[in-house]
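For reference, the chains in residue letters:
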Amino acid sequence: MTLTSMTPISQMQEIAAASRLENVRYAIRDLACVADEVIKQGRKVLPLNVGDPLNFDFQTPPHIIEAVYKAMRDGKNGYAPSPGVPEALDAIRGEAARKGITTVRDVFVTSGVSETVDLCLSALVNPGEDVLTPCPDYPLYSAVLCKLGIGLNAYDLNEQDAWQPELADIERKLTPRTRGIVLINPNNPTGSLCTRQMLEQVAELARRHNLIVFSDEIYDKLILADANGEVTPHIAFASVAPDVPCVTFGGMSKNYLVPGWRIGWGIVSGEASAVKAYTEGVHRLLRARLCANHPEQYSIKPALEGPQDHLIEVQRKLRSRRDLTQRWCEATPRVSCVAPRGAFYAYPKIDIPESDEIFVKELIRQKHVMVVHGSGFGQKPGTQHFRIVFLPDESTLTKAYAGIAEFIGERYGS
Ligand SMILES: Cc1ncc(COP(=O)(O)O)c(C=O)c1O
């Protein structure tokens, strides 16, 4: 067949994307299109939208870079075993023990916690079933569920109760088809920490309704002292509920400042007989996708078992930037905020007569500051929020907050 006898491209019909993707959104990165407009006009945009510490004054601990470099030089460049390299798996088991998880049944390494989320949800749900996810949530959870064709079943986090999960709402949302519940602790986007009592109550619900708990603890080492200098320790869900089927998610991206390496893991715990079949399902998926990044897995042991000095510096910076953020929220008309206790996000409420999505887009256009609208994470109807990433240094934050306050004053009055 000659080229001229082929059907011209112009006559081809559009290749449609799968309709189940219609609700897949990732507001954090979707806003980039608006920022691009502004950048094309020659302006610089202050990015308070993406939780990447390496965009700011944070540095990866050098000893873990060395470990990956050495692994590459030592020829660890082929495929790795599907669950992860033995040295990394041992180190993750050690970490589970330090977190107080006593009933570890399995551990596996993934390409970021993002892949743990994908695999763990995919291995669980059948069509017609559901998983309870928090509202507001980290949008990957709803994106993966949409991809799987699973309807969302979101439970509220209660702003009046320092963003703790609202148990009554969880009870209301539970159906006979509910298979699991997602906890994000420390939380993105609210920066809250679950109390022990809350974890115990969620465990009780899981026992009564035969649920698996997915406890996303990717920020567990980024805990911030309160105004009196007191640190509320992070509590791993699986440590208070050793019998309950649980996968604890952890990773290198945030605690060890290497989001680009794409290393995460899952720790399966609970009664052995309860988690056996599910764990086998997870391993089928682990094998099907071959393996996680190989040389980067050699950073896990030195990270988890080596010096933790960088965390002191990270926590000091984050605490000072959280305090600055909180003071600004308290001083700014129309804005209020529950003080974050962990991670590097604040989720202020804003009292405005239009949607928070318009607020955020206009803020980018007019003041060149990029935050993410609450509707991108989910929120109670009738409320509006925006998420701030408070990773930048104090002078950058001060400039950004002055721009936001000015914008609020000009657009809505105080
Ligand atoms: C709560 C939460 N879970 C998971 C992830 C994904 O992390 P990773 O870089 O390990 O894929 C993030 C990233 O921001 C997050 O905030």
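Everything that follows concerns the structure shown earlier in this document.
Thresholds applied
- Residues numbered from 1 in each chain as written.
- Predicted model: local features only at pLDDT ≥ 70, side-chain atom pairs only at ≥ 80, totals over all residues.
- Heavy atoms only, no water.
- 1 Å grid on protein atoms, 1.4 Å probe; cavity = no way out; pocket = protein on both sides within 12 Å on 5 of 7 lines; lining within 4 Å.
- Points joined across faces, edges and corners; volume = space filled by probe spheres on them.
- Nonpolar A, V, L, I, M, F, W, Y, C, P; charged D, E, K, R; others polar.
- Axes fitted to C-alpha atoms, helices over the stretch in contact; angles between N-to-C directions.
- Helix = DSSP H or I, 4+ residues; strand = E, 2+ residues; numbered from the N terminus.
- Parallel < 35°, antiparallel > 145°, perpendicular 65-115°, else oblique.
- Left-handed = near helix turned anticlockwise from the far one by under 90°.
- Contact = heavy atoms within 4.5 Å.
- Pairing = 2+ DSSP bridges.
- Near = heavy atom within 4 Å.
- Polar contact = N/O pair within 3.5 Å; in protein donor to acceptor, adjacent residues only side chain to side chain.
- Phe/Tyr/Trp six-rings, centres within 6.5 Å; stacked < 30°, edge-to-face > 60°.
- Lys NZ or Arg CZ within 6 Å of the ring centre and 35° of its normal.
- Buried < 20%, exposed > 50% of the residue type's maximum accessible area, 1.4 Å probe, protein only.
- Expected span 1.5 Å × (residues − 1).
- Arc of directions from axis to C-beta.

(A) Representation of the layout of surface pockets within the structure. Estimated volume of the second largest pocket: approximately 440 Å³. For the second largest pocket, the lining is made up of 22 residues, of which Arg-25, Ser-142, Ser-375, Gly-376 and Phe-377 are closest to its centre. By residue class, the composition of the lining of the second largest pocket is 10 nonpolar, 7 polar and 5 charged.

(B) Examining the packing of helix 5 (residues 112-122) against helix 6 (residues 140-147) more closely. Interhelical geometry of helix 5 versus helix 6 gives an angle of 40° and a closest axis separation of 10 Å. One element, helix 5, and the other, helix 6, form an angle in the oblique class. Once helix 5 is placed against helix 6, the crossing between them reads as right-handed. Across the interface between the two elements, Ser-114, Val-117, Asp-118 and Leu-121 from helix 5 touch Leu-140, Tyr-141, Val-144, Leu-145 and Lys-147 from helix 6. Its residues assigned to classes, the contact of helix 5 with helix 6 shows 6 nonpolar, 1 polar and 2 charged.

(C) Quick peek at the sheet that holds strand 14 (residues 372-373). The 3 strands lie next to each other as 11-15-14, forming an open sheet whose pairing is antiparallel. The sheet terminates laterally at strand 11 (345-346) and strand 14, the two strands that pair on one side only. Both strand 14 and strand 15 (residues 386-389) contribute to a ladder of 2 bridges, which runs antiparallel. When the bridges of strand 15 are listed, Val-372 appears paired with Arg-387.

(D) Main features of the site of the ligand. As a matter of local geometry, the ligand sits amid 13 residues, with Val-113, Ser-114, Asp-216, Tyr-219 and Arg-262 nearest to it. Interatomic distance of 2.6 Å between a side-chain N/O atom of Asp-216 and a nitrogen atom of the ligand. Arg-262 is positioned such that a nitrogen or oxygen atom in its side chain is 2.7 Å from an oxygen atom of the ligand. When residues in the shell around the ligand are grouped by element, the largest group, 3 residues, is from helix 5. Residues belonging to the shell around the ligand are distributed by class as follows: 6 nonpolar, 4 polar and 3 charged.

(E) Focus on the packing of aromatic side chains. Taken as a whole and assessed by the stated rule, the structure comprises 12 aromatic pairs. When the centroid spacing of 6.4 Å and the interplanar angle of 50° are considered together, the rings of Phe-214 and Tyr-278 count as tilted. Placement of the pair is Phe-214 in strand 7 (residues 212-216) and Tyr-278 in helix 10 (residues 272-288), with a sequence separation of 64 residues. These aromatic residues form a ring-pair network of at least three members: Phe-359, Phe-386, Phe-407 and Tyr-412. For the cation-ring pair, Arg-73 lies above Tyr-69, with the distance from its terminal atom to the ring centre recorded as 4.5 Å. Over the aromatic face of Phe-58 sits the side chain of Lys-317, whose NZ or CZ is 5.2 Å from the ring centroid.

(F) Inspection of the environment of Leu-397 at higher detail. Structurally, Leu-397 can be placed in helix 14 (residues 394-412). Take Leu-397: its relative accessible area is 0%, and that puts it in the buried class. Between the C-alpha atoms of Leu-397 and Leu-48, which are 349 residues apart in sequence, the distance is 8.7 Å. Residues contacting Leu-397, with those up to four places away along its chain left out, are Leu-48, Arg-321, Leu-324, Thr-325, Val-389, Phe-390 and Pro-392.

(G) Examining helix 8 (residues 196-209) more closely. Taking 1.5 Å per residue as the helical rise, helix 8 with its 14 residues ought to reach 20 Å, and the 20 Å between its terminal C-alpha atoms agrees with that figure. When helix 8 is considered as a whole, its buried residues turn out to be Met-198, Leu-199, Val-202, Ala-203, Leu-205 and Ala-206. In an axial view of helix 8, the angular spread of the buried residues amounts to 160°, which keeps them on one side of the axis. Relative to its buried face, helix 8 has exposed residues pointing more than 90 degrees away, namely Gln-197 and Arg-208.

(H) Representation of the environment of Pro-333 within the structure. Tracing the backbone shows Pro-333 in the loop between helix 12 (309-331) and strand 10 (335-336). Its relative accessible area of 41% is what places Pro-333 among the partly exposed residues. On a C-alpha basis, the gap between Pro-333 and Asp-351 in space is 8.7 Å, while along the polypeptide they are 18 residues apart.

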